[in-house]
Amino acid sequence: MTEQGHAPAHGAGAQPEEADRLRELVRDRAYQKALLFSALIGVPVALAAFWFLAGLHELEHLLWTDWPEALGWDTPPWWWPLPLLTVAGLSVGLVVRYLPGAGGHVPALGLHAPGQAPSALPGVILAAVASLTLGATLGPEAPLIALGGGLAALFARLARAPVTPQSTALLGAAGAAAALSAIFGNPLVGGIILMEVAGVGGPQLFAVMLPALLSSGVGSLVFTGFDRWTGLSTGSLTLTWGVSAPRLDGGDVIWSVLMAVALAVAVHAFLSTGRLAAGFVSKRPVLHTALCALAAGACAAVYTAAVDRSPADVASSGQATLAQLAADPHAWSVGALVAVLVCKGAAYALCLGSLRGGPTFPALFLGAAAGALLAPLPGLGVVPGMAAGMAAASAAALRLPVSSVVLIVLVLGSSAMIPVVIIAAVAAFVTVELLPTGHPAPAPSPESRAPAPQ
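Source: prediction; values computed, not measured.

Counting secondary structure elements, the chain contains 16 helices and zero strands. Taking as baseline every contact in the chain between residues at least 6 positions apart, the subset at least 24 positions apart corresponds to 79%. Accessible surface computed for the chain: about 21,900 Å², of which carbon and sulfur atoms make up 68%.

In structure tokens form, the structure reads like this:
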């Protein structure tokens, strides 16, 4: 009886201890200085990220729109990606071979990568510019993380701030989050992504969050159903928008789960192929990177020859094409959707192991295209299919289920699809975790890189 009486008291005392610890941390002068420095770092990092992204956009538009139009083509011809991606491969190979940092981490590793030192920033920027403007099937988020974290470390060194492992990690995360908010257009996504990438809470975070996410998604479906069946209202903190949203039903949920599992297997195969490509590239960085990039260009050329659409549908991050697909999914024939899934998926796998960039945007497009392709299935709508596809593909590629859910909900601009987004993200994440991990992408050999300056 005495032992039972003491157990709750001990448990009740644990929370005040944690609260006192947090209060002491917030009152600590060193932590307050770190918060202030993080706020100040956000200004130059955001400016650098803005000009980096603006420069990428202008160069990409010049190479893929202005030059073809100047030569008399409405869209780039089928062969256009071949020379551009060959140049991209040669450029990235030279950066990997001769500059510190090897141009940043291999995209096949996802966003879980160590931070980059300030000395590696020139190589990271050059490799990203060469890859993303010349047609790599990758996004800009990984270079942005490296840019933000490296600039934060550089500013801390210039300000002669005390350097400890904790302060370095804190400022690196702050700088990376500031840079990410530029591409995702929302500061919340950047913060949550960095929280999951940094592994705050370790495996226990995922162990707690996955059941909570899944339960909240199923619970939302149950509440939606009972609200419809009974006509009763429980009252909740929600906002009603002046636009109609599709209602979810059992078919949407069932197909979303099945599609999530299939997409997780496909994305896992892309990442595994990317790691094999990285092993091939590490042996002879310049030549083999150029060969892989040329093969990715060939995928875009085959796509254009097959369906007479722009090779930029394949040779790009997919951000602009995703907006076009969402605006008018019926403009894409079944053949075009199948071709873009096959060709962009192959180019994605090759670029993941050879060029430099991030895995997020191509995964989002592939998931959306799969959802649009499968939308005619009985009981599955276009919007739920695309929402579930994007959630599943991003969760499988990033292995960040919470970030994927937040990102897709913000992209959709509506809460109507949250249940299928959550269920698809959790199903895809669990599926990927159950699949064999394979071998990690090898780092470039020591002789393939120039030593970092002393």
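Relative to the helices and strands, Val383 is located in helix α14 (residues 382–398). Val383 gets classed as partly exposed once you look at its relative accessible area, which sits at 40%. Residues Val383 and Gly371 lie 12 residues apart in sequence; the distance between their C-alpha atoms is 8.1 Å.

For the coordinates displayed, the defined rule picks out two salt bridges. In this structure, Arg309 and Asp313 form a salt bridge, with 3.1 Å as the shortest nitrogen-oxygen distance. Since its relative accessible area comes to 23%, Arg309 is described here as partly exposed.

Given a rise of 1.5 Å per residue, 21 residues ought to cover 30 Å, and the 30 Å separating the end C-alpha atoms of helix α12 (residues 334–354) matches this to within 8%. The buried count for α12 comes to 15 of 21 residues, which makes it a mostly enclosed element.

As a further point, take unusual backbone geometry. Phi is positive for Ala102, which is not a glycine, with a value near 55 degrees. Tracing the chain through its elements places Ala102 in the loop between α3 (81–98) and α4 (121–133). The class of Ala102 is buried, set by a relative accessible area of 2%. The phi torsion at Arg399 lies on the positive side, around 55 degrees, for a residue other than glycine. With respect to the secondary-structure elements, Arg399 resides in the loop between α14 and α15 (401–412). For Arg399, a relative accessible area of 34% corresponds to the partly exposed category.

Moving on to the confidence of the model for the chain. Confidence along the chain averages 80 in pLDDT terms, with 71% of residues attaining 70 or more. Taken together, the stretch residues 1–14 has pLDDT below 50 and engages in zero contacts with residues farther than four places along the chain or on a different chain.

Okay, a negative patch on the surface next. Taken together, the side chains of Glu58, Asp66, Glu69 and Asp74 define an acidic patch exposed on the protein surface. One can find Asp74 in the loop between α2 (29–70) and α3. Asp74 gets classed as exposed once you look at its relative accessible area, which sits at 76%.

A few words now on the side chain of Asp252. Tracing the sequence through the fold places Asp252 in helix α9 (residues 250–283). What makes Asp252 buried here is its relative accessible area of 3%. When near neighbours in sequence (up to four residues on either side) are disregarded, Asp252 contacts Arg247, Gly379, Leu380, Gly381, Pro384 and Val420.

Remark: α15 packs on helix α16 (residues 418–434), axes separated minimally by 9 Å, with the N-to-C direction vectors making an angle of 150 degrees. The orientation of α15 with respect to α16, classified from their angle, is roughly antiparallel. At the point where α15 passes α16, the crossing takes the right-handed sense. For the pair formed by α15 and α16, the contact residues are Pro401, Val405, Ile408, Val409 and Leu412 on the first element and Ile418, Val421, Ile422, Ala425 and Phe429 on the second.

A few words on the packing of aromatic side chains. The final tally for this structure, using the stated rule, is six aromatic pairs. A ring pair is formed by Trp73 and Trp80, whose centres lie 6.2 Å apart and whose planes are at 70 degrees; its orientation type is edge-to-face. With relative accessibility at 31%, the residue Trp73 sits in the partly exposed group. Their ring planes at 45 degrees and their centres at 5.6 Å tell us that Trp79 and Trp80 sit as a pair that is tilted. Judged by relative accessible area, which is 7%, Trp80 ranks as buried. Three or more aromatic residues link up through ring pairs in this structure, and these residues are Trp73, Trp79 and Trp80. The lysine or arginine in question, Arg309, covers the ring of Trp332, its NZ or CZ lying 3.8 Å from the ring centre. A cation over a ring is seen here: Lys344 above Phe365, with NZ or CZ 5.3 Å from the ring centre.

Counting residues in hydrophobic clusters, the biggest one holds 108 residues, and the most contacted among them are Leu138, Leu325, Trp332, Tyr348, Leu355 and Val421. Leu138 has contacts with Pro107, Leu132, Ser316, Ser317, Tyr348, Cys351, Leu352, Leu355, Arg356, Gly357, Gly358 and Pro362, leaving out every residue within four places of it along the chain.

Here the focus is α4. Helical geometry: 3.6 residues make up each α-helical turn, so side chains three or four residues apart lie on a common side. With 13 residues, α4 should cover 18 Å at 1.5 Å per step; its first-to-last C-alpha distance of 18 Å lies within 8% of that length. Those residues of α4 lying buried are Leu121, Gly123, Val124, Ala127, Ala128, Ala130, Ser131, Leu132 and Thr133. One or two positions beyond α4, positive phi appears at Gly135, with a value near 120 degrees.

Quick look at the state of the cysteines now. Counted by the stated rule, this structure contains zero disulfides. We note that Cys292 lacks a disulfide partner, and the nearest cysteine sulfur, in Cys351, lies 8.9 Å from it. Residue classification places Cys292 among the buried positions, given a relative accessible area of 6%. Of all cysteine sulfurs in the structure, the one in Cys299 sits closest to Cys343, which takes part in no disulfide; the separation is 6.2 Å. A relative accessible area of 10% means that Cys343 is categorised as buried.

How each quantity is defined
Residues numbered from 1 in each chain as written. Predicted model: local features only at pLDDT ≥ 70, side-chain atom pairs only at ≥ 80, totals over all residues. Heavy atoms only, no water. Helix = DSSP H or I, 4+ residues; strand = E, 2+ residues; numbered from the N terminus. Contact = heavy atoms within 4.5 Å. Areas by Shrake-Rupley, 256 points an atom, 1.4 Å probe, with all protein chains shown as cover. Buried < 20%, exposed > 50% of the residue type's maximum accessible area, 1.4 Å probe, protein only. Salt bridge = Lys/Arg side-chain N within 4 Å of Asp/Glu carboxyl O. Expected span 1.5 Å × (residues − 1). pLDDT = per-residue confidence, 0-100. Patch = residues over 30% accessible without salt bridge, like charges linked within 9 Å, V, L, I, M, F, W, Y side chains within 5 Å. Lys, Arg positive; Asp, Glu negative; His and termini not counted. Charge placed at Lys NZ, Arg CZ, Asp CG, Glu CD. Axes fitted to C-alpha atoms, helices over the stretch in contact; angles between N-to-C directions. Parallel < 35°, antiparallel > 145°, perpendicular 65-115°, else oblique. Left-handed = near helix turned anticlockwise from the far one by under 90°. Phe/Tyr/Trp six-rings, centres within 6.5 Å; stacked < 30°, edge-to-face > 60°. Lys NZ or Arg CZ within 6 Å of the ring centre and 35° of its normal. Core = buried A, V, L, I, M, F, W, Y, C linked by side-chain atoms within 4.5 Å. Disulfide = S-S within 2.5 Å.

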